[in-house]
Amino acid sequence: MEIETVTTKSEDETLAVAEKFAENLRRGDVVFFFGDLGSGKTEFIKGVCRFFGVEEIVTSPTFTIINQYAGKLGDDSLTIFHIDLYRIKTKEELAEIGFEECIYSPDSIKLVEWAENSHDLVKFVNYRVQIRSDFENLNERLIEISKGN
Ligand SMILES: Nc1ncnc2c1ncn2[C@@H]1O[C@H](COP(=O)(O)OP(=O)(O)O)[C@@H](O)[C@H]1O
Ligand SMILES: [Mg+2]
């Protein structure tokens, strides 16, 4: 598995790393995000959304669970789903929110926070992004990106 690691020292650096990463994304791709509360998953997703020209405000959909943004890929429109499974406990809850239908939609990009709560329903994941805080340097983050399952 290819793994890329990078350390960022500010929110802006994380946004820049995310924008660069977004160049690799294709329609249908699924990205899983791992990391504690406040590690920077949503910041990273903001950078991905910025790359695709999303104009809506990007925030963790902790209560709505799934946010949908209108982006652009070249001249065409691109839907981005931002999913936050922080509050999800059971497979039944995933069914209620239409998680699988969303994940398998072939034309959109799916970005999943708290992906450890997806109960192994997703059979193929294109990228995994793990973000770790540094407890000595408050604004430092270690970002590890791996490709494939
Ligand atoms: N290097 C960094 N990268 C990303 N966020 C950072 C960084 N340094 C500080 N922060 C702050 O950490 C917080 C990350 O929050 P957020 O992205 O919502 O986390 P999560 O979605 O993982 O819970 C933000 O308040 C952001 O300003
Ligand atoms: Mg978040």
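Data block above holds the structure.
Residues numbered from 1 in each chain as written. Chains lettered and ligands numbered in written order. Predicted model: local features only at pLDDT ≥ 70, side-chain atom pairs only at ≥ 80, totals over all residues.

A.B. asks: Would you take a moment to explain helix α2 (residues 41-51) for this structure?
C.D. replies: Among the 11 residues in α2, eight count as buried, and that is most of the element. Burial in α2 covers these residues: Lys 41, Glu 43, Phe 44, Ile 45, Lys 46, Gly 47, Val 48 and Cys 49. The elements touched by buried residues of α2 are α1 (11-22), β2 (30-34), β3 (66-73), β4 (76-84), β5 (109-113) and β6 (127-133). Of the residues flanking the end of α2, it is Gly 53, one or two places downstream, whose phi is positive at about 70°. (Buried ≥ 20, exposed ≤ 12 C-beta atoms within 10 Å, placed from the backbone. Helix = DSSP H or I, 4+ residues; strand = E, 2+ residues; numbered from the N terminus. Contact = placed C-beta atoms within 7 Å.)

A.B. asks: How should I be thinking about the site of ligand 1 in this particular structure?
C.D. replies: Residues in close proximity to ligand 1 total 18 residues, the closest being Thr 14, Gly 40, Lys 41, Thr 42 and Asn 139. Listed by contribution, the elements that provide at least two residues to the shell around ligand 1 are α1 and α2. (Near = placed C-beta within 6 Å.)

A.B. asks: How do you make sense of the packing of α1 against α2 when you look at a structure like this?
C.D. replies: Angle between the axes and distance between the axes: these two values describe a pair of packed helices. Taken N-terminus to C-terminus, the directions of α1 and α2 make an angle of 50°; their axes are 7 Å apart at the nearest point. On the basis of the axis angle, α1 is oblique to α2. Here α1 and α2 pass one another in a crossing that is right-handed. Judged by residue contacts, Glu 11, Thr 14, Leu 15, Ala 16, Val 17, Ala 18, Glu 19, Phe 21 and Ala 22 of α1 engage Glu 43, Phe 44, Lys 46, Gly 47, Val 48, Arg 50 and Phe 51 from α2. Taken together, the residues that form the contact of α1 with α2 break down as nine nonpolar, two polar and five charged. (Axes fitted to C-alpha atoms, helices over the stretch in contact; angles between N-to-C directions. Parallel < 35°, antiparallel > 145°, perpendicular 65-115°, else oblique. Left-handed = near helix turned anticlockwise from the far one by under 90°. Nonpolar A, V, L, I, M, F, W, Y, C, P; charged D, E, K, R; others polar.)

A.B. asks: What is the right way to look at the nonpolar core in this model?
C.D. replies: Soluble globular proteins tend to bury their nonpolar side chains together. Phe 33, Val 48, Leu 111 and Val 112 are the most contacted members of the largest nonpolar core, which totals 32 residues. Within the residue set of this core, elements represented by two or more residues are α1, β2, α2, β4, α4 (99-103), β5, β6 and β7 (141-147). At five residues, the largest contribution of residues to this core is made by α1. In this structure Val 112 touches Val 30, Val 31, Phe 32, Phe 33, Ile 83, Leu 85 and Ser 118, once residues within four positions along its chain are discounted. (Core = buried A, V, L, I, M, F, W, Y, C linked by C-beta atoms within 7 Å.)

A.B. asks: Sorry if this is basic, but what is going on with the sheet that holds strand β1 (residues 3-8) here?
C.D. replies: Strands in a sheet are paired, the pairing made by backbone hydrogen bonds, and the direction either parallel or antiparallel. Here seven strands make up an open sheet; going across it, the order is β1-β7-β6-β2-β5-β4-β3 and the pairing mixed. The sheet is open, and its two borders are formed by β1 and β3, each paired with just one other strand. In this sheet, neighbouring strand axes are inclined to one another by 20° on average, regardless of whether the strands run parallel or antiparallel. Packed onto the sheet, α2 meets β2, β3, β4, β5 and β6 and runs at close to 165° relative to β5. (Pairing = 2+ DSSP bridges.)

A.B. asks: Quick question: what am I supposed to make of the environment of Ala 22 here?
C.D. replies: Mapped onto the elements, Ala 22 comes out in helix α1. Overall, Ala 22 belongs to the buried group, with 21 C-beta atoms counted inside 10 Å. Sequence separation of Ala 22 and Arg 50 is 28 residues, and the distance between their C-alpha atoms is 9.2 Å. Beyond its immediate chain neighbours, meaning those up to four positions away, Ala 22 contacts Gly 47, Val 48, Phe 51 and Phe 52.

A.B. asks: Whenever I open this one, the pairing of β4 confuses me. Can you help?
C.D. replies: Side-chain positions along a regular strand alternate between the two faces of the sheet. Relative to β4, β3 is paired through eight bridges, and the arrangement is antiparallel. Looking at β4, one finds that Ile 66 is bridged to Ile 83. The hairpin formed by β3 and β4 contains two residues between the paired strands, and Gly 74 there has a positive phi angle of roughly 60°. Summarising the sheet, β4 and β5 pair through five bridges and their orientation is parallel. Note on β5: the bridge partner recorded for Phe 81 is Lys 110.

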